Amino acid sequence: MNPSSVHLSPIDYSILGLYIAFVIGIGFALKRQMKTSADFFLSGRNIPAWVTGLAFLSANLGALELVGMAASGAKYGIATCHFYWVGAIPAMIFLAVFMMPFYYGSKARSVPEYLKLRFDERTRAFNSVSFAVMTIFASGISLNALAKLLNQLLGWDYNICLWVCSLIVLLYVLKGGLTSAIYTEVLQFFMIVLGFAPVVYLGLKDAGGWEAVKQKLAGVATQPAVYNLSDSASKTFQPDAWTSAWKPLLAGPSQNPMGIDLFAMVFGLGFVLSFGYWCTNFLVVQRAMAAKDMKAARNTPLVAAVPKMLFPALVILPGMIALALTATPGKEYHLPQAIISQARMNDAIASVRKSAVGHADTTSALKSLTSAADTSFNPAKVQALLHAAPGTPDATLAIEIQDAVVNDYDGVILSLVKRYCPTGLLGLALTALLASFMSGMAGNVTAFNTVWTYDLYQAYIAPNKSDEYYYWMGRVITVVGIVLSIGAAYFASMWTNAMDIIQLVFAFVNAPLFATFLLGMFWSRTTGTGAFIGLLAGTAASAIFHACTISAGNLPGVKGGYIHAFWTLPSDMAQNFWLASFAFIVCFVVTVALSLSTRRTKSDEELTGLVYSLTPRQTVEQAWFARPGTIGIVLLAVCVLLNYLFW
Amino acid sequence: MGLDIRFPIGMMFALLGLILLGTGLFTGADAALRITPVININLIWGAVLFLFGIVMWGSAILGKNR
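Owing to the predicted nature of the structure, the values given are computational and were not obtained by experimental measurement.

Engineer: It is not clear to me how the overall build of chain A should be interpreted in this structure. Could you clarify?
Structural biologist: Counting its secondary structure elements, chain A contains 26 helices and two strands. On C-alpha atoms alone, chain A measures out to a radius of gyration of 25 Å, which is about the 26 Å that the 2.2 N^0.38 rule sets for 647 residues. Each principal axis of the C-alpha atoms in chain A carries an extent, and together these give about 85 × 60 × 45 Å. Residues classed as buried in chain A amount to 56% of the 647 residues present. Partitioning the contacts of chain A with sequence separation of at least 6, the portion at a separation of at least 24 is 79%.

Engineer: What is the right way to look at the overall build of chain B in this model?
Structural biologist: For chain B, the helix and strand inventory stands at two helices and zero strands. Sorting the 66 residues of chain B into buried and exposed places 33% on the buried side.

Engineer: How should I be thinking about helix 18 (residues 379-388) of chain A in this particular structure?
Structural biologist: An α-helix turns once every 3.6 residues. As a result, residues three or four positions apart point the same way. All names here are of chain A. When you tally the buried positions in helix 18, you get seven out of 10 residues, the bulk of the element. Residues Pro379, Ala380, Lys381, Val382, Gln383, Leu385 and Leu386 constitute the buried set of helix 18. On its buried face, helix 18 sits against helix 16 (342-357), helix 17 (362-373) and helix 19 (394-403).

Engineer: Can you walk me through unusual backbone geometry in this structure?
Structural biologist: Working note: non-glycine residues mostly have negative phi, and peptide bonds are mostly trans. All names here are of chain A. Look at Ser43: it is not a glycine, yet its phi comes out positive at around 60°. With respect to the secondary-structure elements, Ser43 resides in the loop between helix 2 (37-42) and helix 3 (49-60). Positive phi, normally seen in glycine, also occurs at Glu332, with a value near 50°. As for its position among the elements, Glu332 is in the loop between helix 15 (317-326) and helix 16. Owing to 9 C-beta atoms within 10 Å, Glu332 belongs among the exposed residues under this scheme.

Engineer: Just checking my understanding: could you explain the packing of helix 6 (residues 111-118) of chain A against helix 7 (residues 121-154) of chain A for this structure?
Structural biologist: Packed helices, taken two at a time, are described by their axes: the angle between them and the distance between them. Residues and elements named next belong to chain A. It is at 7 Å that the axes of helix 6 and helix 7 come closest, and there the two elements cross at 170°. Regarding the angle of helix 6 to helix 7, the classification is roughly antiparallel. Packed against helix 6, whose contacting residues are Val111, Pro112, Glu113, Leu115 and Lys116, the element helix 7 presents Glu121, Thr123, Arg124, Asn127, Ser128 and Phe131 at the interface. Tallied by class, the residues present in the contact of helix 6 with helix 7 amount to four nonpolar, three polar and four charged.

Engineer: Is there a simple way to explain the environment of A:Leu269 in this structure?
Structural biologist: All names here are of chain A. By secondary structure assignment, the location of Leu269 is in helix 11 (residues 262-280). For the pair Leu269 and Ala574, spaced 305 residues apart in sequence, the C-alpha to C-alpha distance is 9.5 Å. Setting aside residues up to four positions removed in sequence, Leu269 forms contacts with His82, Phe83, Val86, Gly87, Ser274 and Phe577.

Engineer: Would you mind showing me how to read the confidence of the model for chain A here?
Structural biologist: Low pLDDT means the predicted atomic positions in that stretch should not be read closely. On average, residues of chain A score 90 in pLDDT, and 99% of them reach the 70 mark or higher. The least confident element of chain A is helix 23 (residues 496-522) of chain A, whose mean pLDDT is 86; the most confident is helix 15 of chain A, at 95.

Engineer: Got a minute to help me understand the interface of chain B and chain A in this structure?
Structural biologist: By a widely used convention, the size of an interface equals the accessible area lost when the partners come together. Taken together, the contacts link 24 residues of chain B with 28 residues of chain A. Put simply, the parts of the chain that give the side of chain B that touches chain A at least two residues each are helix 1 (6-27) and helix 2 (41-65) of chain B. Per-element accounting of the side of chain B that touches chain A gives the leading share, 11 residues, to helix 1 of chain B. Per-class residue counts for the side of chain B that touches chain A are 17 nonpolar, five polar and two charged.

Engineer: Is there a simple way to explain the nonpolar core in this structure?
Structural biologist: Residues and elements named next belong to chain A. Judged by nonpolar contacts, the single largest core of 224 residues is most densely connected at Val169, Met320 and Ala429. Per-element accounting of this core gives the leading share, 25 residues, to helix 8 (residues 158-207). In terms of domain composition, this core takes at least three residues from each of domain 1 (1-223 + 277-336 + 410-494) and domain 3 (495-615). The contacts of Val169, once residues within four sequence positions are left out, are Met438, Met441, Ala442, Val445 and Ile482.

How each quantity is defined
- Residues numbered from 1 in each chain as written.
- Chains lettered and ligands numbered in written order.
- Predicted model: local features only at pLDDT ≥ 70, side-chain atom pairs only at ≥ 80, totals over all residues.
- Helix = DSSP H or I, 4+ residues; strand = E, 2+ residues; numbered from the N terminus.
- Rg over C-alpha atoms; globule rule 2.2 N^0.38 Å.
- Buried ≥ 20, exposed ≤ 12 C-beta atoms within 10 Å, placed from the backbone.
- Contact = placed C-beta atoms within 7 Å.
- Axes fitted to C-alpha atoms, helices over the stretch in contact; angles between N-to-C directions.
- Parallel < 35°, antiparallel > 145°, perpendicular 65-115°, else oblique.
- Nonpolar A, V, L, I, M, F, W, Y, C, P; charged D, E, K, R; others polar.
- pLDDT = per-residue confidence, 0-100.
- Core = buried A, V, L, I, M, F, W, Y, C linked by C-beta atoms within 7 Å.
- Domains from an automatic or database assignment.

Structure follows, in structure tokens:
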């Protein structure tokens, strides 16, 4: 068991138990309301906007997001906020103002069903199959990460974690369907905010406040290699690289820790990827579609946008605090690293001395050290080690070798929890983490069972059956979905490389999606053939782009460039964002070109309610300030203000 | 509508708040917390959660009576 793991007291367990009892209890309490398949899959469409809004946000807020954002906060600093302030918020506003009328008004029961109504079965089939597969894998990845984390932190058995967590989610989703998932997601939202806020507060206090954090990060920015944030000892950034959101970005890829340029950030992330996710992913859109009326449906993403804007303080700030603490002597805190055991340390020391004596180059020394210590190292520090080794005693060398181990960014949030949480608060924070995993998993399972039952089973396998039959199928597939997620989790734990490939394929599929929806909703001339071929072309374009580019420091293979690296991008993120941009543009162009050269298969009447120009403008029953458009503008303005404040 | 989610949320957080309050009262401020001055975070946060739970519960009851 990990020696630095944490001990839970009965009080902590009672908090955990209380939470579990409540989520299962909610599921059972809702069982009475589940009478038809519409109740089970669509919540009967009678949920208020504040509930669907918070569920919308919470379904996305899986633990990978929590863990990942803190990790990125340490690695990239405040630039991570772009994911929210440039990416998510504008996309959510766009969804609310422009797209929800079509999703909700078309009476489509899912996103793929909208595609069927707008285009034809081909696009729907492609979308539903790819979505169903992706969402199960996403669920499995989350589950695997959770079980690993609990195993690492608490010493709990990996298998037990996996099965018990799955069982809990299964119970409440099986009983209460989408309503259960949505209600527990709201509970989980509050759990996450109230569970982590004290940790962030304590961390900020410990670090001396925001100004002190900024000051320490300025020091880090000028010598990132010291903190294993750069592979090159001579690399230096401007002092505000970790604390200014825009200036380092505008200065170019070599001037910001993320290694990206403005176009890739704004178009690739801000537009293509964010809008692609928030506007087309059924996981979140399903929550908006469960709202009680059109007004509530349109307000759902807007309700979600408000806390989303403030989330950086909860999820990204901890990462920055952790880095600032590492850079503050006397705080006895270091960004988490794999700890080299005594036995391996002896091998590691031997390896370094051997490389030094043999005048080995950094690359081979690195290779030998990595296999001796079974962990990864910062090349800059290894190089320094080689020079220092001859005159350094073993004890000191051991410390320096440990210092050269790469940072485990994913461990940041937990390291802060361990540092600040006494018994009681510890139980709360861990339960919050568990809650975030569950909300993600339940979201995936409910989206999966709906798409399976309506878009695959009812559409292609067994149409025209009774509603009871589909309700029954929905429950069966919920169980199947959970079992498949567990399978995917085991797969992820055993074959990490295969998993990387699978996630890559998902990225290819997601990248062009938004182009198809955009053209479908706003251009009545888009035809079914145009949309389908465009989508395929966009997906293929992603794969080709990936095969022909690589990011700096990576070898051809899973990271790309296996045909030939025509273009080397400064970082993984840059490659990601440019890939998305390229795929979007290809999909857009091909869809337009093919639509113009093929006949429309649907008449204007059939497309009413599905396309902007063919849908009568809604009669305004609301006061002007309550309209989604107005609220959207206000939220956008606040977002711009936030960007300005952290410029 | 059936179940108003504010009831279970309110109940859960009120109970959680009480657990933390109790922990805070019995174990006192934790000197190992590395914050100066030492704060009894369980006590404070327990009170906050309890209040939150009560407010949620209260709004559910008001909503029901309307």
